[in-house]
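These are the residues of each chain, in order.
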Amino acid sequence: MRAHGTNGRYAGSYSAETLQDWTHRIKDWRRNERSVYVYFDNDIKSAAPGDAQTLRSLLGED
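Residues numbered from 1 in each chain as written. Predicted model: local features only at pLDDT ≥ 70, side-chain atom pairs only at ≥ 80, totals over all residues. Heavy atoms only, no water.

## With respect to the overall build of the protein chain
Next, step 1: Summing up its helical and strand segments, the protein chain has 2 helices and 2 strands in all.
Next, step 2: The secondary structure elements of the protein chain, listed N-terminal to C-terminal, are β-α-β-α.
Next, step 3: For 62 residues, the compact-globule estimate of 2.2 N^0.38 gives 11 Å, and the protein chain sits close to it at 11 Å.
Next, step 4: Referenced to the eigenvectors of the C-alpha coordinate spread, the extents of the protein chain come out at roughly 35 × 20 × 15 Å.
Next, step 5: Buried residues in the protein chain amount to 23% of all 62 residues.
Next, step 6: In the protein chain, once contacts between residues fewer than 6 apart in sequence are set aside, the share between residues at least 24 apart is 61%.
Next, step 7: Total accessible area computed for the protein chain in this model is approximately 4,500 Å², and 45% of it derives from carbon and sulfur atoms. (Helix = DSSP H or I, 4+ residues; strand = E, 2+ residues; numbered from the N terminus. Rg over C-alpha atoms; globule rule 2.2 N^0.38 Å. Buried < 20%, exposed > 50% of the residue type's maximum accessible area, 1.4 Å probe, protein only. Contact = heavy atoms within 4.5 Å. Areas by Shrake-Rupley, 256 points an atom, 1.4 Å probe, with all protein chains shown as cover.)

The structure is reproduced here in structure tokens:
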């Protein structure tokens, strides 16, 4: 997955609802033995690290 920001212009943090939806998708892919890589590129105003950490927490990977 590549995340370029909420408007596709490398800016904006993702909502909790969006990250939760991704969590369900990632868990489904993993159950089907797929490798999953997520790249956050919404780095304007440093939103990427926080979104990545939130997603890791939702996946139980803190």
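## Here's the deal with the pattern of salt bridges
Next, step 1: For the structure shown, the criterion picks out 3 salt bridges.
Next, step 2: For D21, the salt bridge goes to R25, with nearest N and O atoms at 3.3 Å. Taken together, the residues D21 and R25, both in helix α1 (residues 16-31) and 4 residues apart, mark about one turn of the helix.
Next, step 3: On the accessibility criterion, R25 (43% relative accessible area) is partly exposed. (Salt bridge = Lys/Arg side-chain N within 4 Å of Asp/Glu carboxyl O.)

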